[in-house]
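Listed below, chain by chain, are the residues.
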Amino acid sequence: MKILVVEDEPKVSSFIKKGLEEQAYEVDVAYDGFYGKKLALENDYDLIILDVILPRQSGLEVCRQIRAQKPSVSILMLTALGSTDDKILGLDSGADDYLVKPFVFQELLARIRALTRRAYEAPNNEILKMADLELNLTKKTVSRSNTPINLTAREFSLLHYLMRNKERVVSRVDIIEQVWETSFDTGSNVIDVYINFLRKKIDKDFSPKLIHTLVGMGYVLKEV
Ligand code: CA
């Protein structure tokens, strides 16, 4: 598995590179945003670990540009700032997840495993349907009314989880455990942010609306 690390602090990038190589990952490192973007677009990485504050081009900008050209690559943002706004900005620019520096290496490994698992799952010829919404597990594609919809890896996993549990109320805790595959404190508003991303993509321009909020309980995917 090939990972790109874009991080300008040599101590942090060499710590990540060394640790990941010990786990048998293949690792490239870029020390500024511009070069990181160049490597990301020229090579096929399974995952990109991207710092937010970088010389030459910011991590958020790099993330947006990579995402525009490679919608399915997994992107994990590193942020030293830790404020909710920065996390949401990172997710809004197309990142699949974020990790606040300083972090424990085991936590980085857990995030990487969760983000890359989807790509290595055994092929599954299943197509899930709800109204005119279709999710193809083999091709990793989603469409509504036969209109293709581009989802990031995390949005796809979230929609997959909702479709597997259609007409059943799922709580934020269920989603954190099953989609984020973590019990780390990811912050429940991240789930709301992702539900909003999904709503914009699969519900906003279509009818009937499929994602419903049950205040104090969670979410349910159903036709009303
Ligand atoms: Ca930095």
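Anything mentioned here points back to the structure above.
Everything numeric here is computed off the predicted structure, so don't read it as measured data.

Q: Could you clarify how one ought to interpret the pattern of salt bridges in this entry?
A: Pairing is possible between side chains that carry opposite charge, provided their charged atoms lie close to one another. Here the structure, examined in full by the defined rule, presents 18 salt bridges. Taking the shortest distance from any N to any O, the salt bridge between Lys101 and Glu9 comes out at 3.2 Å. Here Lys101 is found in the loop between strand E5 (97-100) and helix H5 (105-120), whereas its partner Glu9 is found in the loop between strand E1 (2-6) and helix H1 (10-22), with 92 residues between them in sequence. A residue is classified by how much of its surface remains accessible, and Lys101, at 11% relative accessible area, is buried.

Q: Help me understand the sheet that holds E1 in this model?
A: Strand order across the open sheet formed by five strands is E2-E1-E3-E4-E5, with parallel pairing between neighbours. Either end of the sheet is taken by a strand with one partner, and the two such strands are strand E2 (26-30) and E5. Adjacent strand axes in the sheet meet at a mean angle of 20° when their direction is disregarded. H1 rests against E1, E2, strand E3 (47-51) and strand E4 (74-79) of the sheet, and its axis sits at about 170° to E2.

Q: Looking at this model, I keep getting lost on the coordination of the calcium ion. Mind explaining?
A: Ideal geometry at a metal centre: 109.5 degrees between donors when four sit tetrahedrally, and 90 or 180 degrees when six sit octahedrally. Around the calcium ion, the protein contributes the donor atoms Asp8 (OD), Asp51 (OD) and Ile53 (O), at 2.1 to 2.3 Å from the metal centre. On the basis of relative accessibility, which here comes to 3%, the residue Asp51 falls in the buried class.

Q: Help me understand the packing of aromatic side chains in this model?
A: In this description, a pair of aromatic rings is defined by centroid distance and the angle of the planes. Under the defined criterion, the tally for this structure stands at three aromatic pairs. Residues Phe15 and Phe105 carry aromatic rings whose centres are separated by 5.5 Å and whose planes lie at 75° to one another, so their mutual orientation is edge-to-face. Highlighted residues: Phe15 in helix H1 and Phe105 in helix H5, separated in sequence by 90 residues. Between Tyr194 and Phe197, the aromatic rings sit 5.3 Å apart at their centres with planes inclined by 70°, giving edge-to-face as the arrangement. Residue Tyr194 and its partner Phe197 are located together in helix H8 (residues 188-203), separated by three residues, close to a single helical turn. Put simply, the rings of Phe15, Phe103 and Phe105 touch in pairs and so form one group of aromatic residues.

Q: Please clarify how unusual backbone geometry should be interpreted in this entry.
A: Leaving glycine aside, a negative phi is the common case for residues, and trans is the common case for peptide bonds. Between Lys101 and the following residue, Pro102, the backbone shows a cis peptide bond with an omega angle of -5°. Here Ser207 and Pro208 are connected by a cis peptide whose omega angle stands at 0°. Within the secondary structure, Pro208 is located in the loop between H8 and strand E10 (211-214). Phi at Ala24 takes a positive value of approximately 70°, unusual for a residue other than glycine. One non-glycine residue, Asn146, lies in the positive phi region at around 65°. Along the chain, Asn146 turns up in the loop between strand E8 (141-144) and strand E9 (147-149).

Conventions adopted
Residues numbered from 1 in each chain as written. Predicted model: local features only at pLDDT ≥ 70, side-chain atom pairs only at ≥ 80, totals over all residues. Heavy atoms only, no water. Salt bridge = Lys/Arg side-chain N within 4 Å of Asp/Glu carboxyl O. Helix = DSSP H or I, 4+ residues; strand = E, 2+ residues; numbered from the N terminus. Buried < 20%, exposed > 50% of the residue type's maximum accessible area, 1.4 Å probe, protein only. Pairing = 2+ DSSP bridges. Axes fitted to C-alpha atoms, helices over the stretch in contact; angles between N-to-C directions. Contact = heavy atoms within 4.5 Å. Donors = N, O, S within 2.8 Å, 3.2 Å for Na, K, Ca; no water. Phe/Tyr/Trp six-rings, centres within 6.5 Å; stacked < 30°, edge-to-face > 60°.

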